[in-house]
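Residues per chain are reported as follows:
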Amino acid sequence: MRRDREWKLFLDLCAPLSHEVGDLPEPDEWPQMLGRLEQTRFEALAYHNLRARGLDDAVPAEVMVHLRAANAQALARYHLLGEMVSPHLEALAREVDFLVLKGAAWAHTVYPEPHLRQSGDIDLLVRGEEQERARQLLEGRGFEYSWVCSDDHGPEFSLAVPQSGVAYLELHPCLGQASDHPHVDPAEAWAHAEPVPVWGNACRTPNAEVSIAHLAAQLASDIYSRPYVRYLVDLHHLAGGSSIAIDELARILTASGLRGLAHCAATLSGVDIALPRPSLEARLAAAIVAATGWEVRLAMPTGWWGIASRVAALMLFDRYKDRALRLRSYATHVWDRLRRSSTCG
């Protein structure tokens, strides 16, 4: 299966109903596509879209049986996760101000049904001065503390529920990897928060403009390992889920140094949305990435594509200071790896 065709088929199955479907996989292409849908956890979304478009009969019966079962599992998982975390979110909200981010938020705002956007954890934005209070509360409720808060990533907490599974909460201090990537100022998220019900809890989440900028910030780091495929589907739903204030989006992207990354995301996903014009370097980088072709898989690219993706990712950064931070961080990590290797030797 050619990479560009695989991507187009994948997007046709996962994009909102407003997206025009050009083709469906051939019978011999479905096993590969089902593997990609399972890998990205979008089987339920594909099932919903096929049924909503009345394409049930155009799909092999065994494929619809598989997708129907996956949809039922996703729905059950969504409700089970809600039962596990809902009382803890309610308790946390009484003590700490937080915003729900990324998958959990978008599932409840821009997707047709919340179980159609599966995620592995629940991401929350928590101010730095409230991280310790949140930690104490969650640990007091049985959560295990995984790692300390840093400039890039908040701590992760896990809660094992017997015979149910494990729930994960991550408390982030910012939107994106602040130490060596362009990111969204958390003040923007707090200033543009909107109410959203999450498993019956009255929560808040950044609005569509901040969410699109946050998605671009995720692309800055995730383009190295290709989990950004999921974010391109998210962009389709974010761009079509509500009215976008273009001027406000442009201001946030420009202030965050994310114009090139947002342009790349829109180019790769085929989303038609007015964005501020990026630099010539960013336009060239996006063209290079788009011309390289696609594989809908979540794995570290290798060979020439791996080299090209890293160079292109750096060119997508609007500001030279962000590029310098990224290069410095990369050099530091290389040195650490060499030192560990030497010590082990």
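Look up: the structure comes first, before these words.
Conventions we followed
- Residues numbered from 1 in each chain as written.
- Predicted model: local features only at pLDDT ≥ 70, side-chain atom pairs only at ≥ 80, totals over all residues.
- Heavy atoms only, no water.
- Pairing = 2+ DSSP bridges.
- Helix = DSSP H or I, 4+ residues; strand = E, 2+ residues; numbered from the N terminus.
- Contact = heavy atoms within 4.5 Å.
- Axes fitted to C-alpha atoms, helices over the stretch in contact; angles between N-to-C directions.
- Polar contact = N/O pair within 3.5 Å; in protein donor to acceptor, adjacent residues only side chain to side chain.
- Buried < 20%, exposed > 50% of the residue type's maximum accessible area, 1.4 Å probe, protein only.
- Parallel < 35°, antiparallel > 145°, perpendicular 65-115°, else oblique.
- Left-handed = near helix turned anticlockwise from the far one by under 90°.
- Nonpolar A, V, L, I, M, F, W, Y, C, P; charged D, E, K, R; others polar.
- Core = buried A, V, L, I, M, F, W, Y, C linked by side-chain atoms within 4.5 Å.

Enquirer: Could you clarify how one ought to interpret the sheet that holds strand S5 (residues 165-172) in this entry?
Expert: In any sheet, the strands associate via hydrogen bonds between backbone groups, in a parallel or an antiparallel arrangement. Spatial strand order, S1-S2-S5-S4-S3: five strands in an open sheet with mixed pairing. Each having just a single partner strand, strand S1 (98-101) and strand S3 (144-145) make up the two edges of the open sheet. Note: strand S2 (residues 122-126) against S5, four bridges, orientation parallel. Bridging from a neighbouring strand, Asp123 pairs with Glu170 of S5. Each of S1, S2, strand S4 (156-161) and S5 is contacted by helix H4 (residues 61-95), which is oriented at about 35° to S5, the strand it contacts most. Lying over the sheet, helix H6 (residues 131-140) contacts S2, S3, S4 and S5, oriented at roughly 165° with respect to S5.

Enquirer: How should I be thinking about the side chain of Arg36 in this particular structure?
Expert: For Arg36, the position within the fold is in helix H2 (residues 30-40). A distance of 2.5 Å separates polar atoms of two side chains, one belonging to Arg36 and the other to Glu6.

Enquirer: Explain the environment of Asp56 here, please?
Expert: Within the fold, Asp56 resides in the loop between helix H3 (43-52) and H4. When its relative accessible area of 26% is taken as the criterion, Asp56 is described as partly exposed. For Asp56, the contacting residues outside a window of four places in its chain are Leu50, Arg51 and Met64. Of note is the side chain of Asp56, whose polar atom sits 3.5 Å from the side chain of Arg51.

Enquirer: What is the right way to look at the packing of H3 against H4 in this model?
Expert: In helix packing, the relevant descriptors are the interaxial angle and the interaxial distance, both defined with respect to the helix axes. Close contact between H3 and H4 brings their axes to 8 Å; oriented N to C, the two are set at 120°. Between H3 and H4, the angle falls in the class oblique. Taken as a pair, H3 and H4 cross one another with a handedness that is left-handed. Mapping the contact onto sequence places Glu43, Ala44, Tyr47, Leu50 and Arg51 in H3 and Met64, His66, Leu67, Arg68, Ala70, Asn71 and Ala74 in H4. When grouped by side-chain class, the residues that make up the contact of H3 with H4 number seven nonpolar, two polar and three charged.

Enquirer: How should I be thinking about the pairing of S1 in this particular structure?
Expert: Neither face of S1 is exposed, since Phe98 and Val100 on one face and Leu99 and Leu101 on the opposite face are all buried. When S1 meets S2, the two strands line up antiparallel, connected through four bridges. Counterpart to Leu99 in the pairing with S2 is Leu125.

Enquirer: Can you walk me through the nonpolar core in this structure?
Expert: Where a protein is soluble and globular, its nonpolar side chains tend to be buried together. Judged by nonpolar contacts, the single largest core of 103 residues is most densely connected at Phe10, Leu13, Leu37 and Leu124. The dominant element in this core, judged by the number of residues it contributes, is H4, at 11 residues. In this structure, Leu124 is in contact with Leu89, Leu92, Phe98, Leu99, Val100, Leu101, Glu170, Leu171 and His172, ignoring residues within four places of it in sequence.

Enquirer: Sorry, what's going on with the environment of Thr109 here?
Expert: In this fold, Thr109 is placed in the loop between helix H5 (102-107) and S2. Take Thr109: its relative accessible area is 39%, and that puts it in the partly exposed class. For the pair Thr109 and Thr205, spaced 96 residues apart in sequence, the C-alpha to C-alpha distance is 9.2 Å. Thr109 has contacts with Val196 and Thr205, leaving out every residue within four places of it along the chain. A distance of 2.9 Å separates a polar side-chain atom of Thr109 from the backbone oxygen of Ala105.

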